[in-house]
Amino acid sequence: MRNEDYRKRVDIFITLLISYFFIMCVSFEYFSTKDIYENYIMLTLTVMIAIISYYTNVTFSLIAVLIVDFGYSSYRLYMNITEGILVDTKVYYWMIAIPITAILVNLLSSYILKLQIELNKVNESNKKLVMIDEETGIRNSSAFFNEIPIYMNMSKRYKLPVVIMLVRFKYSKKLKSIVGNDFFKNIIVEYSEVMEDSLRLEDRKYILNNEDTFAFILISDEKGCEIVKGRLKSNLEKVSLEKSSMFKNLKLEVQVGYCKYDDSIKDAMDFVAKAEEEIYYDV
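Computed from a prediction, not measured in an experiment: that's the story for all the values here. (Residues numbered from 1 in each chain as written. Predicted model: local features only at pLDDT ≥ 70, side-chain atom pairs only at ≥ 80, totals over all residues. Heavy atoms only, no water.)

Let us look at the overall build of the protein chain. Per the secondary structure count, the protein chain includes nine helices and four strands. Secondary structure elements of the protein chain occur, N-terminal to C-terminal, as α-α-α-α-α-β-α-α-β-β-α-β-α. The 283 residues of the protein chain split such that 39% are buried. The contacts in the protein chain between residues at least 6 apart in sequence include a share of 68% that link residues at least 24 apart. Carbon and sulfur atoms make up 59% of the accessible area of the protein chain, which amounts to about 17700 Å² in all. (Helix = DSSP H or I, 4+ residues; strand = E, 2+ residues; numbered from the N terminus. Buried < 20%, exposed > 50% of the residue type's maximum accessible area, 1.4 Å probe, protein only. Contact = heavy atoms within 4.5 Å. Areas by Shrake-Rupley, 256 points an atom, 1.4 Å probe, with all protein chains shown as cover.)

Have a look at this one:
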C-alpha cells in the first residue's frame, strides 16, 4: 500500500470524527433550550473524554467515562430528589453520547496507530529494496551484498578471476567533523564521478552505508588490479576542493585494498573482510 493510501484513510476518519462532533454540537440544542450552561459543561467533558480516549488505552478511557457518567447521573438524581427537577431526555443523551464518543475516538486512535506501524514497516521494506544511493546514483550496500554471491558462483563455475576492491577515505570521521556532513557528501559525489571514469563499464561500483568507503567488483587478475589501483589514486589526487575557499588547502587521501576470490573464502562477508584487511597495508 502506498503512503497516499494511508493518508487518505486517516483523512476519511478524521473527517468523520469532525462531522460527529459537529452533529453533537447541533443536536444537544434540539433536546433542551433550558440549562444551556449544563449542556456546554457536558460537551466540554465529552471533548475531554475524547482527548483522553485518543491518547490512552481502552481501559483508562472507560474508567474516565464511568467517572463522568456516574458523577453526572448522581448529580441529576440528587437534583431530582431535592429540587424535584425531572430527569429529561438530555440526561440520557449525554449518558449515551459520552461512552459512544470514547469508543469511537479510541477505535480511531487504534486504527491510526496500526496504520503508522504498517507505514513504518513499508518504509523499512522500501529502504531494504532500494539498491541505488540517492546522492551518487550508484549501487549501495544492499546491492553489493546481493551481487557478491553471484560473482563468487561465477568464479567457481567459469574459473573467472573475481576481485573485490575497497577504496576508503583516510581519517573520514575527522574530515566530517572539520568540513561538516553536507560538504562531505558533496566530496563523496565528486569523488564518485572520478571513480566512475577510472573503471571499466563492466566493473560494478558501489558505495557502502557508512559513506566513506567505495566498493568495486572486478573481473581481473592481480596485475590488472594494480593498474586500476594506480589509476584510481592518480585520478583522485587531481580532484580539487578549490570551489570552497575555506577548504581549498585540504588534501584528501584514500586507502585501497583488494582481495581475489579463492576456495578459502567462506561467504560474502568473509570476502569483504579480507579485502578490508588489505586496506590497512596501504599506507
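Moving on to the packing of aromatic side chains. Enumeration over the complete set of coordinates arrives at seven aromatic pairs. Relative to Tyr191, the ring of Phe169 lies with its centre 5.1 Å away and its plane at 55°, an arrangement referred to as tilted. Note that Phe169 is positioned in strand S1 (residues 162-169) and Tyr191 in helix H7 (residues 181-198), a separation of 22 residues in sequence. Aromatic side chains Tyr261 and Phe271 sit 5.6 Å apart centroid to centroid with 55° between the ring planes, which places their arrangement in the tilted category. Here Tyr261 is found in the loop between strand S4 (254-260) and helix H9 (268-279), whereas its partner Phe271 is found in helix H9, with ten residues between them in sequence. Neither residue differs from the other here; Tyr261 and Phe271 are each classed as buried. (Phe/Tyr/Trp six-rings, centres within 6.5 Å; stacked < 30°, edge-to-face > 60°.)

In contact at an axis separation of 9 Å, H7 and helix H8 (residues 222-237) are set at 140° when each is read in the N-to-C sense. Our classification of the angle between H7 and H8 gives oblique. The hand of the H7/H8 crossing is right-handed. Where H7 abuts H8, its residues Tyr191, Val194, Met195 and Ser198 lie against Arg231, Leu232, Asn235 and Leu236. In terms of residue class, the contact of H7 with H8 is built from five nonpolar, two polar and one charged. (Axes fitted to C-alpha atoms, helices over the stretch in contact; angles between N-to-C directions. Parallel < 35°, antiparallel > 145°, perpendicular 65-115°, else oblique. Left-handed = near helix turned anticlockwise from the far one by under 90°. Nonpolar A, V, L, I, M, F, W, Y, C, P; charged D, E, K, R; others polar.)

It is worth spelling out the packing of helix H6 (residues 172-179) against H7 at this point. In contact at an axis separation of 7 Å, H6 and H7 are set at 120° when each is read in the N-to-C sense. With respect to each other, H6 and H7 are oriented oblique. Seen from H6, the contacting residues are Ser172, Leu175, Lys176 and Val179; seen from H7, they are Asn181, Phe183 and Phe184. In terms of residue class, the contact of H6 with H7 is built from four nonpolar, two polar and one charged.

In this section: the nonpolar core. With 28 residues, the main nonpolar core has Met165, Val167, Phe169, Phe214, Phe216 and Leu218 as its most contacted residues. The contact partners of Phe216, leaving out residues within four places of it in the chain, are Val163, Ile164, Met165, Val167, Met195, Leu199, Arg204, Lys205 and Leu232. By size, the runner-up hydrophobic cluster in this structure holds 20 residues, among which are Met152, Ala215, Phe271 and Ala275. (Core = buried A, V, L, I, M, F, W, Y, C linked by side-chain atoms within 4.5 Å.)

What follows is about a nonpolar patch on the surface. Judged by side-chain polarity, Val58, Leu62, Tyr92, Ile96, Ile100, Ile103, Leu104 and Leu107 come together as a nonpolar surface patch covering roughly 730 Å² of accessible area. Among the elements of the structure, helix H3 (58-82) and helix H4 (89-129) are those that each provide at least two residues to the nonpolar patch. No other element matches H4, which puts six residues into the nonpolar patch. By the element assignment, Val58 lies in helix H3. (Patch = residues over 30% accessible without salt bridge, like charges linked within 9 Å, V, L, I, M, F, W, Y side chains within 5 Å. Salt bridge = Lys/Arg side-chain N within 4 Å of Asp/Glu carboxyl O.)

Attention now goes to H6. All of the buried residues along H6 are Ser172, Leu175 and Val179. The arc enclosing the buried residues of H6, seen along the axis, measures out at 55°, which places them on a common side. Facing away from the buried surface of H6 by more than 90 degrees, the exposed residues are Lys173, Lys174 and Ser177. Buried residues along H6 sit against S1 and H7. At the C-terminal side of H6, Gly180 shows a positive phi close to 90°. (Arc of directions from axis to C-beta.)

Okay, unusual backbone geometry next. Unlike most non-glycine residues, Lys159 shows phi in positive territory, near 55°. With respect to the helices and strands, Lys159 occurs in the loop between helix H5 (141-158) and S1.

Considering the arrangement of structural elements, one finds Arg168 in strand S1. With a relative accessible area of 16%, Arg168 lands in the buried category. A polar contact is formed between the side chain of Arg168 and the side chain of Thr213, at a distance of 3.1 Å. Setting aside residues up to four positions removed in sequence, Arg168 forms contacts with Asp212, Thr213, Glu253, Val254, Gln255, Glu276, Ile279 and Tyr280. (Polar contact = N/O pair within 3.5 Å; in protein donor to acceptor, adjacent residues only side chain to side chain.)

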